[in-house]
Amino acid sequence: MRRKIPSTQALACFEAAARHESYTRAAEELALTQSAVSRQIGALEAFMGLALFRRTRHGVQLTAAGADYARQIRRQLDAMERDTLDAMARQGAGGSLQLAAVPTLATRWLIPRLPLLAKAHPDITVHIETQTRPFLFNDTPFDAALYTGTPQQAATWAGTRHTLLRHEEVVPVCCPALMDGRAALTPAQVARLPLLQQSTRPDGWRQWFEAQGVDNPRGGAGPRYELFSMLAVAAAHGLGIALLPPLLIEAELARGELAIACPRPLRGERSHYLVEPAVEDARPALALFRQWLVGQAAT
């Protein structure tokens, strides 16, 4: 069946003219004449039976329909260009993946492990962009998402399936100097140190002390930081003790900048997932990446 799709030349002319709202500047960008751009856009409007631009005293201006179409076409042209460049780079082997990810998990856990992926699957390339909340895969170029959330959030993400990677656990950590040479602190000793708070999880310390059977009315007191990365830096500089997932501070623990102050982890409400569109025929590169990721999460 013949697809009802305009020529890519017409779409490229339209996208450039829409971006600049100028046929002349679009022609300069595409190394065409202004009349050639005008003809291509005229042919596109005739093909669609729709006015995409209106003429003004100063040139051209997008119609409401043209502005909406331009947003859609720009994304599709970007995806076509990316896929073409990827295919050229691979010379027919492997594949590339567009991954959405929460930033801390990506920078502190996934990216340090990507050399292992390159060694195991040298033909797979992973592109990563930040996304912190669920989205509709059909509206984005993403193939999958590395997501941290509750089981209910993962289960109710529309049009997707998910793979559990790891449950999130937090444990008290601080710089070794705060431990005064002790191998570990008791929960009561932890309660006497300055408590660093995460503003997005205000009940973290209260829940940890309750799990240890320790009453600490100061559980909510202390400086607040939004991100795990901020808490890690504050704790490493001796500002207090923080509740952090060991998964996200592996480098600081290995360098001795942070130490586990009390080896009593608390499992949080959230877990780490790989989320994919719910389709039957997953791309081979994505299936290999999922298998590799599950193996890394198990170590």
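All of the points below concern the structure found in this document.

Cut-offs used in this document
- Residues numbered from 1 in each chain as written.
- Predicted model: local features only at pLDDT ≥ 70, side-chain atom pairs only at ≥ 80, totals over all residues.
- Heavy atoms only, no water.
- Helix = DSSP H or I, 4+ residues; strand = E, 2+ residues; numbered from the N terminus.
- Buried < 20%, exposed > 50% of the residue type's maximum accessible area, 1.4 Å probe, protein only.
- Contact = heavy atoms within 4.5 Å.
- Areas by Shrake-Rupley, 256 points an atom, 1.4 Å probe, with all protein chains shown as cover.
- Lys, Arg positive; Asp, Glu negative; His and termini not counted.
- Charge placed at Lys NZ, Arg CZ, Asp CG, Glu CD.
- Phe/Tyr/Trp six-rings, centres within 6.5 Å; stacked < 30°, edge-to-face > 60°.
- Lys NZ or Arg CZ within 6 Å of the ring centre and 35° of its normal.
- 1 Å grid on protein atoms, 1.4 Å probe; cavity = no way out; pocket = protein on both sides within 12 Å on 5 of 7 lines; lining within 4 Å.
- Points joined across faces, edges and corners; volume = space filled by probe spheres on them.

### Regarding the overall build of the protein
Broken down by element type, the protein carries 11 helices and 11 strands. The C-alpha extent of the protein, read off along each of the three principal axes, is 80 × 45 × 35 Å. Each of the 299 residues in the protein was classed as buried or not, and the buried ones make up 40%. Considering only contacts in the protein between residues 6 or more positions apart, those separated by 24 or more positions represent 73%. Accessible surface, the protein as shown: approximately 16400 Å² in total, 54% of it carbon and sulfur. Taken as two groups, the 32 positive and 28 negative side-chain charges of the protein have centres that lie 2 Å from each other.

### Looking at the packing of aromatic side chains
Scanning the model with the defined rule gives 12 aromatic pairs in all. Ring centres 4.8 Å apart and planes at 55 degrees place the aromatic pair Phe135 and Phe137 in the tilted group. Note on accessibility: Phe135 and Phe137 belong to one class, buried. Within the aromatic cluster, the residues linked to one another by ring pairs are Phe135, Phe137, Phe142, Tyr147 and Trp157. Over the aromatic face of Phe47 sits the side chain of Lys4, whose NZ or CZ is 4.8 Å from the ring centroid.

### A short note on the layout of surface pockets
Estimated volume of the largest pocket: approximately 580 Å³. Lining the largest pocket are 20 residues, with Val102, Thr132, Thr200, Arg201 and Arg270 sitting closest to its centre. Of all the secondary-structure elements, those providing two or more residues to the lining of the largest pocket are α5 (103–120), β5 (144–149) and β11 (266–277). When residues of the lining of the largest pocket are assigned to their parent elements, the largest contribution, three residues, is made by α5.

### Quick word on the environment of Leu32
For Leu32, the position within the fold is in the loop between α2 (23–30) and α3 (34–48). Along the backbone, Leu32 and Cys13 are 19 residues apart, and their C-alpha atoms lie at a distance of 9.3 Å. Sequence-distant contacts of Leu32, defined by excluding residues within four places in its chain, comprise Gln9, Cys13, Ala27 and Val37.

### Notes on unusual backbone geometry
Leaving glycine aside, a negative phi is the common case for residues, and trans is the common case for peptide bonds. The backbone of Glu21 shows a phi angle near 50 degrees, a positive value even though the residue is not glycine. Note that Glu21 resides in the loop between α1 (8–20) and α2. A positive phi angle, close to 60 degrees, is found at Ala31, a residue other than glycine. Structurally, Ala31 is set in the loop between α2 and α3. Residue class for Ala31 comes out exposed when judged on its relative accessible area of 69%.

### A few points about the environment of Phe14
Inspection of the secondary structure assignment puts Phe14 in helix α1. Note: C-alpha distance between Phe14 and Arg71 (57 residues apart in sequence) is 11 Å. In this structure, Phe14 is in contact with Ile41, Leu44, Leu52, Phe53, Leu62, Gly66, Tyr69 and Ala70, ignoring residues within four places of it in sequence.

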